[in-house]
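Now for the letters of each chain:
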Amino acid sequence: MTHTTEGIVVGRVEGQAKGTGGSLPDTTPPSRSNEQPMGTLPSGTTSTTLSLTTDETANCKYSTTAGTSYTLMTQTFSTTDSTSHSTLVSGLSDGNTYNYYVRCQDTTGNANTNDFLIVFSVASSASGIYYVSTTG
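Peer 1: A description of the confidence of the model for the protein should follow, citing residues and the corresponding values.
Peer 2: Taken over all residues, the pLDDT of the protein has a mean of 85, while the share at 70 or more is 77%. Low confidence marks residues 1–20, where pLDDT is under 50. Its contacts with residues over four positions away, or in another chain, come to 26 contacts.

Peer 1: So, the side chain of Thr68: which residues are in play, and what are the values?
Peer 2: Summarising the element assignment, Thr68 is placed in the loop between strand E5 (47–63) and strand E6 (75–76). Only 2.9 Å separates the side chain of Thr68 from the backbone oxygen of Thr65, close enough to count as a polar contact. Setting aside residues up to four positions removed in sequence, Thr68 forms contacts with Ser63, Met73, Arg103 and Asp115.

Peer 1: Outline the side chain of Ser63, supporting the account with residue identities and numerical values.
Peer 2: Within the secondary structure, Ser63 sits in strand E5. Here Ser63 is in contact with Thr68, Met73, Asn99, Tyr100 and Tyr101, once residues within four sequence places are set aside.

Peer 1: Can you explain the packing of aromatic side chains? Please cite residues and give values.
Peer 2: All told, the structure shown has four aromatic pairs when counted by the stated rule. Judged by centre distance (5.4 Å) and plane angle (80°), the rings of Tyr62 and Phe77 are edge-to-face. With a gap of 15 residues between them, Tyr62 in strand E5 and Phe77 in the loop between E6 and strand E7 (82–90) connect regions that are remote in the sequence. The class for Tyr62 is buried, based on a relative accessible area of 9%. Ring centres of Tyr100 and Phe120 lie 6.0 Å apart, and the angle between their planes is 10°; on these two criteria the pair is classed as stacked. With a gap of 20 residues between them, Tyr100 in strand E8 (residues 97–106) and Phe120 in strand E9 (residues 116–122) connect regions that are remote in the sequence. Residue Tyr100 is classed as buried on the basis of its relative accessible area, which comes to 7%. What makes Phe120 buried here is its relative accessible area of 1%. Three or more aromatic residues joined by ring pairs make a cluster, and in this case those are Tyr62, Phe77, Tyr98, Tyr100 and Phe120.

Peer 1: Help me get a handle on the environment of Phe116, residues and values and all.
Peer 2: One can find Phe116 in strand E9. Its relative accessible area of 14% is what places Phe116 among the buried residues. With residues near it in sequence (within four places) discarded, Phe116 still touches Arg32, Ser33, Glu35, Leu52, Tyr100, Tyr101 and Val102.

Reading the values: the criteria
- Residues numbered from 1 in each chain as written.
- Predicted model: local features only at pLDDT ≥ 70, side-chain atom pairs only at ≥ 80, totals over all residues.
- Heavy atoms only, no water.
- pLDDT = per-residue confidence, 0-100.
- Contact = heavy atoms within 4.5 Å.
- Helix = DSSP H or I, 4+ residues; strand = E, 2+ residues; numbered from the N terminus.
- Polar contact = N/O pair within 3.5 Å; in protein donor to acceptor, adjacent residues only side chain to side chain.
- Phe/Tyr/Trp six-rings, centres within 6.5 Å; stacked < 30°, edge-to-face > 60°.
- Buried < 20%, exposed > 50% of the residue type's maximum accessible area, 1.4 Å probe, protein only.

If you want it as structure tokens, here you go:
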């Protein structure tokens, strides 16, 4: 049951905090999903776009070191401050696996405290077999 005493709502109304008459505060960091790329990229790939989505407007950052807190991450997604986040990474080379650890923070300051891993590889060059002529 809800009733009003001197302009203060007492009780619980769906979506409102008890005794405040306002919405419950947002204390949950953004959920992250739909990471790209995944798997193995073709040999010769030297750059690709990292991307992910969040369930609420957020700013996202990444690191190549696991366990880096959001505030210490120095690489920010170039497209962010929405629910769709992307950035170009370069310097990739054949035969390597890349790990990018992502954390996001919503507009009320709730930052992820765990890593969201985007991992992919670049395929090795096609043959990897070299022939040596015996006649020079």
